[in-house]
Amino acid sequence: AHLGTLPPALGFLAAAHAGGGRAPEGPVATRALRAEIGEALSVQAFSATVLHGPGADPGRAWTRAGDTVVVVAGEFYNQDELRSVLPDGDAHDGDAGLLAALFDRYDLHAFRLVNGRFAAVVASGARLCAATDHAGSVPLYLRPAPGDIHIATEAKALATQAMPKGPSLPGTRRVPGLPGVHQVPAGTVLELAVDSAGGTLHRTWQPPSARRILHEDEARRAVRSALELAVGRRLAAGVKPLAVLSGGIDSSAVAALAAARGPIDSLSMGTDLSDEFPHAQVVAKHLATDHSELVIPMDELLRQLPYTVWAAETLDADIIEYLLPLVSLYRRLPDTPRRILTGYGADIPLAGMHREDRLPQLDSAVAHDMATFDGLNEMSPVLAAVHGHWTSHPYWDRDVLDLLVGLEAGLKRRYGRDKWVLRSAMTDLLPEETVARPKLGVHEGSGVSVAFTRLLSDNGVPDRDIATAKALVVRELFDRTVVDGGHPDHVSTEGAIRTALHRLRQGAA
Ligand code: ATP
Ligand code: MG
Ligand code: MG
Ligand code: MG
């Protein structure tokens, strides 16, 4: 019951200084109000800007306890569990206060306890700790220099003209085009000494490599109850959630479990070329959701590419194709902040994208995708926060993810059906045709992949160079919106295509 429509903070900018100094100023893609914090600790000065929505209380996003300051963007989902290990657990309503108490008791090990969608910074004594959730679902970046460490939930906020003078941080990822900027890996806490900016990376979560063998009924029940719990934990009392609904099994299952708890809105997007509206309607009708449809003309959709790259801060062109329709949908929502539930990410632990029958290959795909998701920023809250909304992804709840990844491959592909265990966990709540519906990616259902390909073909790109050209366009948009900090209103898809074609012809690929 601690959740509101939005979490107390959607993101933050912060700095730890041996002397004095200020938090970085931005720019950021997150549309938010700003609340400033400045705290003098015994051996460091800590300052932060909390990015928060209207109606959210930014005071709940941070706390000071003794020689420690904690700032949290996002939210925790296992608050009750976390409170139960603290003698005065009930005194902590907000996640920041709870984390401060956990940190006092467990130190860095506190981060091994949290199941959430968050990024956090803890300044304590002479240390600065930067932590991501298990999935790195709220991206976190830092630019360390001795006595001067800058940290932010968006990379673009850390761009600087100055030459980087910080140490390299083993295990972190450098951000291309932004010298000195590192991304904190998923499921880690980076512990730095403020004076030297030297640090150690501690792992707080890893995807399981082992696979569990369960009877069909056991597997079905386990998936159902884990997902039920994950959806329930993401609902806020008195707040009507919005399910982004394609009519595929992943989003339909989330919508069904949310609708079982109370009224929900659902929304489906399509383009003038393609949509999944009839499939979503079947589900909306069955669940009696307040359903709407949104048609975005393909021309307009492709013009949202700069916004998508600006928000996602990723260089992966496939990911940008998945995210483009969603970012465009979020930007078309009314201004009133919404709590949004998605079915995003189910295909990763269940290997839904791979359309693969052979179990060794299927399990290899799961292992590969779980080893390479980090840094793609697929689940970033910024995708919806560009329009002031908050998303949450129940399939990447820590408990759901651990369970799904760890199921033996024969439960994922069974009786000739993909995602069998999920489908069979949902048979009583969804129409048979929804349970049986083959997977269709959002980039396919909306026609985005085909349209982006055609746009490049029309510009003279030969078939064999399409994938390279897409990557170059995304790279160009990344350079303009993230590296140079350009606002996407002033960056055009057409301009990026022209530059990409020029590079392609020069053989710069
Ligand atoms: P499946 O993977 O079986 O097709 P799905 O459509 O729910 O199920 P994806 O295609 O992987 O899942 O899409 C990811 C998520 O993005 C969905 O679960 C849904 O929340 C959202 N989404 C996808 N397509 C649409 C759409 N046309 N309108 C609204 N939301 C969508
Ligand atoms: Mg500074
Ligand atoms: Mg899916
Ligand atoms: Mg789909």
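Rules used throughout
- Residues numbered from 1 in each chain as written.
- Chains lettered and ligands numbered in written order.
- Predicted model: local features only at pLDDT ≥ 70, side-chain atom pairs only at ≥ 80, totals over all residues.
- Heavy atoms only, no water.
- Salt bridge = Lys/Arg side-chain N within 4 Å of Asp/Glu carboxyl O.
- Helix = DSSP H or I, 4+ residues; strand = E, 2+ residues; numbered from the N terminus.
- Buried < 20%, exposed > 50% of the residue type's maximum accessible area, 1.4 Å probe, protein only.
- Phe/Tyr/Trp six-rings, centres within 6.5 Å; stacked < 30°, edge-to-face > 60°.
- Lys NZ or Arg CZ within 6 Å of the ring centre and 35° of its normal.
- Axes fitted to C-alpha atoms, helices over the stretch in contact; angles between N-to-C directions.
- Parallel < 35°, antiparallel > 145°, perpendicular 65-115°, else oblique.
- Contact = heavy atoms within 4.5 Å.
- Nonpolar A, V, L, I, M, F, W, Y, C, P; charged D, E, K, R; others polar.
- pLDDT = per-residue confidence, 0-100.
- Pairing = 2+ DSSP bridges.
- Near = heavy atom within 4 Å.
- Polar contact = N/O pair within 3.5 Å; in protein donor to acceptor, adjacent residues only side chain to side chain.
- Areas by Shrake-Rupley, 256 points an atom, 1.4 Å probe, with all protein chains shown as cover.

**Concerning the pattern of salt bridges**
By the definition in use, this model includes 36 salt bridges. Residue Glu 228 is joined to Arg 224 by a salt bridge in which the shortest nitrogen-to-oxygen separation is 3.0 Å. Of this pair, Glu 228 and Arg 224 both sit in helix α3 (residues 216-233), 4 residues apart, roughly one helical turn. With relative accessibility at 34%, the residue Glu 228 sits in the partly exposed group. The structure contains a network of salt bridges with shared partners spanning Glu 81, Arg 233, Arg 234, Asp 397 and Asp 399.

**Side note on the packing of aromatic side chains**
Under the counting rule described, the total for this entry stands at 4 aromatic pairs. Ring centres 4.9 Å apart and planes at 75° place the aromatic pair Phe 373 and Trp 396 in the edge-to-face group. In this pair, Phe 373 is assigned in the loop between α10 (359-372) and α11 (382-385) and Trp 396 in the loop between β18 (390-392) and α12 (398-405), connecting sequence segments 23 residues apart. Each member of the pair, Phe 373 together with Trp 396, is buried. Ring plane angle 70° and centroid distance 6.1 Å describe the contact between Tyr 415 and Trp 420, whose orientation is recorded as edge-to-face. Looking at Tyr 415, the relative accessible area reads 64%, which means it is exposed. The ring of Trp 390 carries the charged tip of Arg 117 above its face, separated from the ring centre by 5.0 Å.

**Brief notes about the packing of helix α17 (residues 448-458) against helix α18 (residues 466-483)**
Where α17 meets α18, the closest approach of the two axes is 10 Å, and the angle between their N-to-C directions is 95°. With respect to each other, α17 and α18 are oriented roughly perpendicular. In contact with Ser 449, Phe 452, Thr 453, Leu 456 and Ser 457 of α17, α18 contributes Ile 466, Ala 469, Lys 470 and Val 473. Of the residues assigned to the contact of α17 with α18, the class counts are 5 nonpolar, 3 polar and 1 charged.

**A word on the confidence of the model for the protein chain**
When pLDDT is averaged across the protein chain, the result is 95; 99% of the residues are at 70 or more. Here the predicted complex carries an ipTM of 0.97, next to a pTM of 0.97.

**Considerations on the sheet that holds strand β16 (residues 290-296)**
Read from one edge to the other, the open sheet built from 5 strands follows the order β16-β15-β14-β17-β18, with strand pairing classed as parallel. Two strands lie at the open edges of the sheet, namely β16 and β18, each paired on one side alone. In this sheet, adjacent strand axes meet at a mean angle of 30° when their direction is disregarded. Both strand β17 (residues 339-341) and β18 contribute to a ladder of 3 bridges, which runs parallel. For Ile 340, the partnering residue across the bridge sits in β18 and is Thr 391. Sitting on the sheet, helix α5 (residues 277-287) touches β15 (265-271) and β16, and the angle it makes with β16 is about 170°.

**Here's the deal with the site of ligand 1**
Inspection of the region around ligand 1 gives 21 residues, with Val 244, Ser 246, Ser 251, Lys 419 and Lys 439 positioned closest. For ligand 1, an oxygen atom lies 2.5 Å from a polar atom in the side chain of Lys 439. A distance of 3.5 Å is found between an oxygen atom of ligand 1 and a backbone nitrogen or oxygen belonging to Val 442. Alone, ligand 1 offers 570 Å² of accessible surface; in the complex the protein occludes 96% of this. Every element with two or more residues in the shell around ligand 1 is listed here: α4 (249-259), β15 and α8 (317-332).

**A short note on helix α7 (residues 305-312)**
Of all 8 residues in α7, 8 are buried, a share of seventy percent or more. Listed as buried for α7 are Leu 305, Pro 306, Tyr 307, Thr 308, Val 309, Trp 310, Ala 311 and Ala 312. Residues of α7 that are buried sit in contact with α6 (298-302), α8, α11, α17, α18 and α19 (493-506). Downstream of α7 by one or two residues, Glu 313 has phi in the positive range, about 50°.

**Focus: the side chain of Thr 308**
With respect to the helices and strands, the residue Thr 308 is situated in helix α7. For Thr 308, a relative accessible area of 0% gives the class buried. With near-sequence residues (within four places) excluded, Thr 308 lies in contact with Ile 320, Leu 323, Leu 324 and Val 327.

**Details of the sheet that holds strand β7 (residues 127-132)**
Reading across the sheet, the 6 strands line up as β4-β5-β6-β7-β12-β13 and stay open at both edges, with antiparallel pairing between neighbours. Both edges of this open sheet fall to β4 (62-65) and β13 (199-203), since each of them pairs with a single strand only. Pairs of neighbouring strands in the sheet enclose a mean axial angle of 15°, with direction left out of account. Bridge count between strand β12 (residues 188-193) and β13: 5 bridges; the pairing is antiparallel. Looking at the pairing, Leu 190 lines up with Leu 201 of β13. On top of the sheet, helix α2 (residues 95-106) reaches β4, β5 (68-76), β6 (116-124) and β7; it is set at about 125° to β5, its chief contact.

**Some thoughts on unusual backbone geometry**
For residues besides glycine, phi is generally negative; the peptide bonds are generally trans as well. Following Gly 26, the chain continues into Pro 27 via a peptide bond in cis, with omega recorded as 5°. In this model, Glu 313 sits at a positive phi of 50°, which is unusual for a non-glycine residue. Tracing the backbone shows Glu 313 in the loop between α7 and α8. Since its relative accessible area comes to 7%, Glu 313 is described here as buried. The backbone of Lys 419 shows a phi angle near 50°, a positive value even though the residue is not glycine. For Lys 419, the position within the fold is in the loop between α13 (409-412) and α14 (420-425).

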